[in-house]
Amino acid sequence: MDHGEVLSAYLSAFIDELVKNGVTDVVLSPGSRSTPLALLLADRPEIKIFLDIDERSAGFMALGIAKAKKNPVALLCTSGTAAANYFPAVVEAFYSRVPLIVLTADRPYELQDVGAPQTINQAEMYGSHVKRFAEIEIPEHDFGLIDHIRMICTRFIAAATCSPCGPVHLNFPLREPLVPDMEFLSRGSRGEQRSVSIRSGRVTLAESEIDQIAETIQRKRKGVIICGAVDSEGFEEQVIVLADKLGFPILADPLSQLRRGSHPSRSIIESYDAFLRDGQAAAFLKADLVIRFGAIPVSKALKVWIEKQEAVQLVVDGGCGWRDPAGVATGMVYCDETWFCKMIVSSLPKPPDQNWITLWYRVNQEVKDILSGIYDEKALSEEKLFAKLNQLLPDQCSLFVGNSMPVRELDTFLFTDKPDVAIFANRGASGIDGIVSTAVGVSLVRENTVLVIGDLSFFHDMNGLLAAKQHHANLTIILINNDGGGIFSFLPQASEKRYFEALFGTPHGLDFSNTAHLYDADYSKVGNWNEFDHALLGSFQKKGLKIIEVPTDRDENVHIRKRLFHQISKKISAIADGQSS
Ligand SMILES: Cc1ncc(C[n+]2csc(CCOP(=O)(O)OP(=O)(O)O)c2C)c(N)n1
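Attention here is on the structure that accompanies the text. The numbers attached to residues start from 1 for each chain and follow its sequence in the written order. Local features in this predicted model are restricted to residues of pLDDT 70 or higher, and side-chain atom pairs are both shown and tallied only at a pLDDT of 80 or more, whereas totals for entire chains, interfaces and linings draw on every residue. Side-chain figures throughout are based on the complete set of non-hydrogen atoms in the structure, without hydrogens or water.

Side note on the site of the ligand
Here is the rule: Whether a residue is near a molecule or strand depends on its heavy atoms: it is near if one of them lies within 4 Å of it. Polar contact criterion, stated in full: a pair of N or O atoms within 3.5 Å, where within protein one must be able to donate a hydrogen and the other to accept it, and residues adjacent in sequence count only if both atoms are side-chain atoms. Note on areas: Shrake-Rupley with a 1.4 Å probe; residue coverage comes only from the protein chains shown. Helix and strand labels come from DSSP, where a helix needs a run of H or I of at least four residues and a strand needs a run of E of at least two; each type is numbered from the N terminus. In this classification, Asp, Glu, Lys and Arg are treated as charged, Ala, Val, Leu, Ile, Met, Phe, Trp, Tyr, Cys and Pro as nonpolar, and every other residue, Gly included, as polar.
Around the ligand, a shell composed of 17 residues is seen, among which S404, L456, S457, N482 and G486 lie nearest. Between the ligand and S457, the relevant distance is 2.5 Å, taken from an oxygen atom to a side-chain nitrogen or oxygen of the residue. Between the ligand and G484 there is a distance of 3.0 Å, counted from an oxygen atom to a backbone nitrogen or oxygen. Notes on the ligand: free accessible area 590 Å², of which the protein chains cover 75%. Elements with a minimum of two residues in the shell around the ligand: helix 16 (405-413) and helix 18 (455-460). Of the residues forming the shell around the ligand, the biggest block, three residues, is contributed by helix 18. When its residues are assigned to classes, the shell around the ligand shows six nonpolar, nine polar and two charged.

As structure tokens, then:
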């Protein structure tokens, strides 16, 4: 047996296991050292290859596909800095619990640290941001370890997909010749075929423990349920059943997916970010129990409110993490979130006291009415743009929002409604990098994907547009151009007028029509709301990449939000007076 045959058999066995374990998508970047894996992957009809020249973009595109498909996606690149360019996406996948199978090619050990080109230390290069790392040793002369490589592949996919999901890294030091022996493989002489199947299930608790928790919950009258993004099938329906049974409000982060679709419940509260920042509201809505599910919500006002509650605070997490940045949890409950809701519901005889939920509902409705006043504004603004998305997004579409202000505007203005809109964002590490590429990944899986993104975040990941073009992504990008980082105008450094623009505002003056032209995107820059409506609705009728640029003003955004929050404060005062009289 020659080296080419052995290498081909080993790598092909590895790919067999990828396929057996349901990996159907691989994002691949060009390079030489990864040649055998690239050719063998391309030769599998079960696997769809997405090419992305830029590894940084490739990592994020894989993340987007994995998020949208809820399935692990593999990445493959060559050695050296190519592998280092995956780092931001690996970090995001780790913190947002998305399964990525990162395959990096490498030079063999005799070429390490001796000045060989494109050779860096790739061992454990993503550190603690992957769930597992392995160096894949490939024997040169026999098939003795072929079962082992199958087992490693299965084991790594299991690690990536067992809760909490996350990325894993397999590094393949490969010796030349790098072109696999396809003819040898076609003869079917591939060594042993043993493989291991994996089954995993939901984490549950003993009945006695559920009874104890149910008892604690039952003693409380003023409970609040808080939901971020939760990765547990059927959770949305079950948490609503729980809330209705308890008479507790659900403060639903946009990424909880609870605000959209057929969840007709008045327990869902969306405007908490706008009213919990008000001291009076925070006081009369003081809770004696907080049950938290999922990732940390976007809202800073909610974070501050959580910190101030002298309440029993339970964090339910099927991924057994420690999601408590404020350090106020009184109990971590490690079990599947959907199962938890079902079990608690079945152990609770208590009929709900409607006063508490009615108060939350009333405040929420009144605040929503004030926020809806934004529809009357004539000028283009980020706030009205998000309010209008409530009206314009079609059923079954996907909305990806950039970090910085877009995700915050969404939090303020995404109201509960029937049309089902799946909401996506990169909130694991909340970087402004890779957002275009992640949205491209989502758009390759889901129809009618809309990305709303700030100009700096857009600039940061313009390379992602090539992947959109090459893979014929149907993606509408709403590019909010306030010529710089709008978020900084809301932070204390905004008062440092002397340095503010140079260090934080960072205007760039780019003309993005040139970018659109470079990537053959359909482009329009809107001057009023009629043009915006027309461009957005029209974009759903067109195939390909569409960029709608909306010019806005950073200072004006600050004024609008201040004005709205002032009106909300006045309304809260009136409600508070009614409460105390
Ligand atoms: C990779 C990365 N670099 C820097 C930051 C810090 N940062 C947060 S928001 C922001 C400005 C983003 O501007 P833009 O995308 O235009 O959105 P806007 O603030 O105008 O809503 C920056 C630089 C970050 N979160 N991630």
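Topic: unusual backbone geometry
Backbone torsion omega between S163 and P164 reads -5 degrees, so that peptide bond is classified as cis. Along the polypeptide, P164 turns up in the loop between helix 6 (146-161) and strand 6 (168-173). P177 follows E176 through a cis peptide bond whose omega is 5 degrees. If you trace the backbone, P177 turns up in the loop between strand 6 and helix 7 (182-186). The phi dihedral of R97 falls on the positive side, at around 60 degrees, and the residue is not glycine. For R97, the position within the fold is in the loop between helix 5 (87-96) and strand 4 (100-106).

Points about the side chain of K388
Just so we agree on the cut-off: Here a residue-residue contact requires only that any non-hydrogen atoms of the pair lie within 4.5 Å.
Here K388 shows up in helix 15 (residues 382-392). When residues no more than four places from it in sequence are discounted, the contact partners of K388 are Y375, W529, F532 and D533.

All quantities given are derived from atomic positions and should not be read as evidence of function.
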